[in-house]
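Here is how the chains run, residue by residue.
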Protein chains: 2
Amino acid sequence: MTHPRVPYLKKVALFADLPEPSLLRLAEVAGLQRFSAQSYLFRQGEEPDFLYSFVEGGIVLVAGSGEKEAVVEFFGPGESVLLAAALLGLPYLVNARATTDGQALLIPAAKLRKLIDEDVALAAQCARTLSRHWRVLISQIKEIKTHSALERVANFIIAQTKKTKGAVSFALPGMKKEVATRLGITPETLSRTLRSLKKYGVDAEGDTLHISAIERIASLVETPPEAT
Amino acid sequence: MTHPRVPYLKKVALFADLPEPSLLRLAEVAGLQRFSAQSYLFRQGEEPDFLYSFVEGGIVLVAGSGEKEAVVEFFGPGESVLLAAALLGLPYLVNARATTDGQALLIPAAKLRKLIDEDVALAAQCARTLSRHWRVLISQIKEIKTHSALERVANFIIAQTKKTKGAVSFALPGMKKEVATRLGITPETLSRTLRSLKKYGVDAEGDTLHISAIERIASLVETPPEAT
DNA sequence: CGGTTGTTTGAGGACGTTCAAGTACTGTGG
DNA sequence: CCACAGTACTTGAACGTCCTCAAACAACCG
């Protein structure tokens with residue numbers, strides 16, 4: 001190991017595939033920061049000082065302040081947040097609140113902007129990562145615009161697991177009320193929807209969901225046999 | 001001019017700021033293509049062969065096939081579409097349908113992927129453009145999740161013009177039914193909402209909207225004086 | 001012309017929200 | 001150890017926004 005922070009960088013998808021020299025340049029400017037659950041990493045409207053890459057723990061991106069909160073997306077280990085704001089140097093559009101304790105790599109935004117204009121590998125990797133995020137957001141927009149609350153919850157469950165059949169259990173990536181606004185519904189509606197999903201083998205135990213058969217959930221969202 | 005297609009490239013935001021050598025490399029692989037209104041440039045699920053940059057005319061990105069159509073966004077001259085799919089080489093998530101006749105620059109996706117790994121200026125510019133798109137989508141998600149139909153229509157009107165006060169007239173970027181799903185509502189609801197906006201100085205004449213005073217529309221969406 | 005498609009308008013109903021009350025779990029301080 | 005408050009979640013009831021269905025109208029085109 002040429003630098004003590006390189007192994008951390010390798011854990012982050014954005015940097016994992018970069019060649020050694022690029023990693024070194026990043027390692028020199030990166031810092032490791034701990035954060036604790038429920039703390040804010042940054043707030044909407046602030047100027048971006050850092051790019052955040054999570055080594056451990058997770059956060060939630062929340063739009064809007066005060067009463068009207070809407071969760072945009074959850075992020076976990078290996079993911080990077082707000083590359084967009086950091087690259088453009090524009091104020092954050094959202095708040096970032098930690099859902100658990102954890103650690104993040106902080107890359108100073110100014111340094112990142114400088115590096116990206118000099119390092120092809122890094123620039124190309126940023127473009128690819130942003131492309132992936134773009135597709136995630138497009139999917140979410142499609143989802144909200146074309147599916148009902150029940151279908152959205154079903155799809156969310158499916159997206160949380162890699163398995164396509166059989167039983168699964170997993171922890172929700174945040175509080176139920178956060179998951180609810182992520183799906184564009186209220187906590188009450190989520191609660192009722194989960195209850196109505198019981199008959200399809202979904203059981204909630206605290207923040208853990210037990211699914212008896214993923215394929216039954218999947219059948220809820222697939223277009224029911226449609227003649228044409 | 002060193003290449004006949006360079007002036008076209010300069011009209012596209014993605015390429016406008018690139019240095020001469022980068023432009024030349026792109027010009028060598030780019031092609032100009034005409035398209036006519038209502039034709040599909042590509043369809044959901046297809047492998048991306050090109051990156052589309054519009055020189056003239058516009059298109060609409062539509063998610064979902066058959067009955068359930070949801071417009072994701074409108075694009076016009078100077079904008080580029082589906083950089084994300086082209087860079088990753090993954091199937092399109094959406095359809096692209098022309099709203100008017102026009103012309104687009106086509107950059108072969110494979111060539112683009114190759115260039116981006118060799119050309120820092122291009123890679124950095126792609127990352128910045130994707131960042132901007134990312135922010136547009138985040139705004140849209142916030143909008144859908146936290147605002148009512150009337151507020152969304154009001155915000156849409158405001159976003160269509162640069163002016164912040166006085167009278168404005170502008171053409172809708174597509175058919176009313178497309179605008180409706182772009183806003184996450186049905187054509188019927190849009191029609192009714194526009195009617196209810198008449199008392200705020202909004203008048204629809206075909207696909208053109210006449211606004212007597214933008215500030216009156218803006219006042220609809222700003223949080224009404226709220227005591228705390 | 002009739003046929004097609006986009007838009008408007010009306011009536012009715014469903015889905016999800018809002019409001020409100022109640023339960024369960026947590027940590028705090030007596 | 002037990003009240004107490006605070007928060008998350010659940011459940012119920014009533015309302016309202018928006019959608020669905022249906023019909024009429026307008027514009028366009030062979």
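Criteria and thresholds
- Residues numbered from 1 in each chain as written.
- Chains lettered and ligands numbered in written order.
- Predicted model: local features only at pLDDT ≥ 70, side-chain atom pairs only at ≥ 80, totals over all residues.
- Helix = DSSP H or I, 4+ residues; strand = E, 2+ residues; numbered from the N terminus.
- Rg over C-alpha atoms; globule rule 2.2 N^0.38 Å.
- Buried ≥ 20, exposed ≤ 12 C-beta atoms within 10 Å, placed from the backbone.
- Contact = placed C-beta atoms within 7 Å.
- Nonpolar A, V, L, I, M, F, W, Y, C, P; charged D, E, K, R; others polar.
- Least-squares fit on C-alpha atoms with pLDDT ≥ 70 in both.
- Near = placed C-beta within 6 Å.
- Pairing = 2+ DSSP bridges.
- Domains from an automatic or database assignment.
- Core = buried A, V, L, I, M, F, W, Y, C linked by C-beta atoms within 7 Å.
- Axes fitted to C-alpha atoms, helices over the stretch in contact; angles between N-to-C directions.
- Parallel < 35°, antiparallel > 145°, perpendicular 65-115°, else oblique.
- Expected span 1.5 Å × (residues − 1).

1. Quick word on the overall build of chain A
Item 1. Counting its regular elements, chain A contains 10 helices and 11 strands.
Item 2. Here the C-alpha atoms of chain A give a radius of gyration of 19 Å, agreeing with the 17 Å that 2.2 N^0.38 yields for 228 residues.
Item 3. By its C-alpha atoms, chain A is 55 × 40 × 35 Å across when sized along the principal axes.
Item 4. Counting only residues that meet the buried cut, chain A has 39% of its 228 residues in that class.
Item 5. Residue pairs at least 24 apart in sequence account for 71% of intrachain contacts in chain A once pairs closer than 6 positions are excluded.

2. Observations concerning the interface of chain A and chain B
Item 1. Listed as interface residues are 37 residues of chain A and, on the opposing side, 37 residues of chain B.
Item 2. Counting only elements with at least two residues in the side of chain A that touches chain B, the list comes to strand E5 (70-75), helix H4 (83-88) and helix H6 (120-146) of chain A.
Item 3. Top element by residues in the side of chain A that touches chain B is H6 of chain A. It accounts for 21 residues.
Item 4. Grouping the amino acids of the side of chain A that touches chain B by side-chain chemistry returns 21 nonpolar, 8 polar and 8 charged.

3. Describing the relation of the copies chain A and chain B
Item 1. Turning chain A through 180° and shifting it by 0.0 Å along the axis lays it on chain B, with an RMSD of 0.1 Å. Those values place the two copies in the arrangement expected of a two-fold rotation axis.
Item 2. Of the interface residues in chain A, 100% have counterparts in chain B that sit at the interface too, so the contact is made through matching surfaces.

4. Digging into the protein's contact with DNA strand C
Item 1. Contacts to DNA strand C come from 16 residues, most closely from Ala149 and Thr189 of chain A together with Lys176, Lys177 and Ser191 of chain B.
Item 2. The element best represented in the surface near DNA strand C is helix H9 (residues 187-196) of chain B, accounting for 5 residues.
Item 3. The class makeup of the residues in the surface near DNA strand C is 6 nonpolar, 4 polar and 6 charged.

5. Focus: the pairing of strand E10 (residues 202-205) of chain A
Residues and elements named next belong to chain A.
Item 1. As judged from the 4 bridges shared by E10 and strand E11 (residues 208-211), these two strands associate in the antiparallel manner. Residue pairing across strands places Glu205 opposite Thr208, the latter belonging to E11.
Item 2. Where E10 folds back onto E11 in an antiparallel hairpin, the turn is made up of 2 residues, including Gly206, whose phi is positive at roughly 65°.

6. Quick notes on the protein's contact with DNA strand D
Item 1. Close to DNA strand D lie 17 residues; Lys176 and Ser191 of chain A together with Ser148, Ala149 and Thr189 of chain B are nearest.
Item 2. Taken together, the elements giving at least two residues each to the surface near DNA strand D come down to helix H8 (176-182) and helix H9 (187-196) of chain A together with helix H7 (149-160) and H9 of chain B.
Item 3. If one sorts the elements of the surface near DNA strand D by residue count, H9 of chain A sits on top with 5 residues.

7. Some details on the domain arrangement of chain A
Residue and element names in this part refer to chain A.
Item 1. Assigned domains within chain A: domain 1 (6-144) and domain 2 (147-221).
Item 2. Taken over C-alpha atoms, the centre of domain 1 sits 27 Å from the centre of domain 2.
Item 3. Between domain 1 and domain 2, the residue contacts involve 11 residues of the former and 9 residues of the latter.
Item 4. Going through the elements one at a time, E5 and H6 are the ones with two or more residues in the side of domain 1 that touches domain 2.
Item 5. If one sorts the elements of the side of domain 1 that touches domain 2 by residue count, E5 sits on top with 4 residues.
Item 6. For the side of domain 1 that touches domain 2, the class distribution of residues is 5 nonpolar, 3 polar and 3 charged.

8. Comments concerning the nonpolar core
Item 1. With 105 residues, the main nonpolar core has Ala127 of chain A together with Ala127 of chain B as its most contacted residues.
Item 2. Ignoring anything within four residues of it in the chain, the contact list for Ala127 of chain B reads Leu87, Ile116, Ala123, Cys126, Ala127 and Leu130 of chain A.

9. Things to note about the packing of helix H7 (residues 149-159) of chain A against H9 of chain A
To characterise two packed helices, one gives the angle between the axes of the helices and the distance between these axes.
All names here are of chain A.
Item 1. At their nearest, the axes of H7 and H9 sit 10 Å apart, and the two run at 75° to each other. When the axis of H7 is compared with that of H9, the two are roughly perpendicular. Contacts from Ala149, Leu150 and Val153 of H7 reach H9 at Thr189, Leu190, Thr193 and Leu194.
Item 2. Residues that form the contact of H7 with H9 fall into these classes: 5 nonpolar, 2 polar and no charged.

10. Side note on unusual backbone geometry
Most peptide bonds are trans, and most residues other than glycine sit at a negative phi.
Residue and element names in this part refer to chain B.
Item 1. Positive phi, close to 75°, is recorded for Gln38, a residue that is not glycine.
Item 2. Despite not being glycine, Leu82 shows a phi value in the positive range, around 60°.
Item 3. Residue position: Leu82 is located in the loop between strand E6 (80-81) and helix H4 (83-88).
Item 4. Overall, the presence of 25 C-beta atoms within 10 Å leaves Leu82 in the buried class.

11. Digging into H7 of chain B
Item 1. Between its terminal C-alpha atoms H7 of chain B stretches 17 Å, which fits the 16 Å expected from 12 residues at 1.5 Å a residue.
Item 2. Buried within H7 of chain B are the following residues: Arg152, Val153, Ala154 and Ile157 of chain B.

12. Concerning the environment of Arg135 of chain A
Item 1. Take Arg135 of chain A: it is sitting in helix H6.
Item 2. Look at Arg135 of chain A and you get partly exposed, because 18 C-beta atoms sit within 10 Å.
Item 3. In this view, Arg135 of chain A contacts Ala84 and Leu93 of chain B; residues no more than four positions away in its chain are not counted.

13. A few points about the sheet that holds strand E7 (residues 95-98) of chain B
All names here are of chain B.
Item 1. Reading across from one edge, E2-E7-E4-E5 is the order of the 4 strands in this open sheet, with antiparallel pairing throughout. Two strands bound the open sheet, and with one partner strand each, they are strand E2 (40-42) and strand E5 (70-75). Strand-to-strand twist across the sheet, computed as the mean angle between neighbouring axes with direction ignored, equals 30°.
Item 2. With 4 bridges connecting them, strand E4 (residues 59-63) and E7 associate as antiparallel partners.

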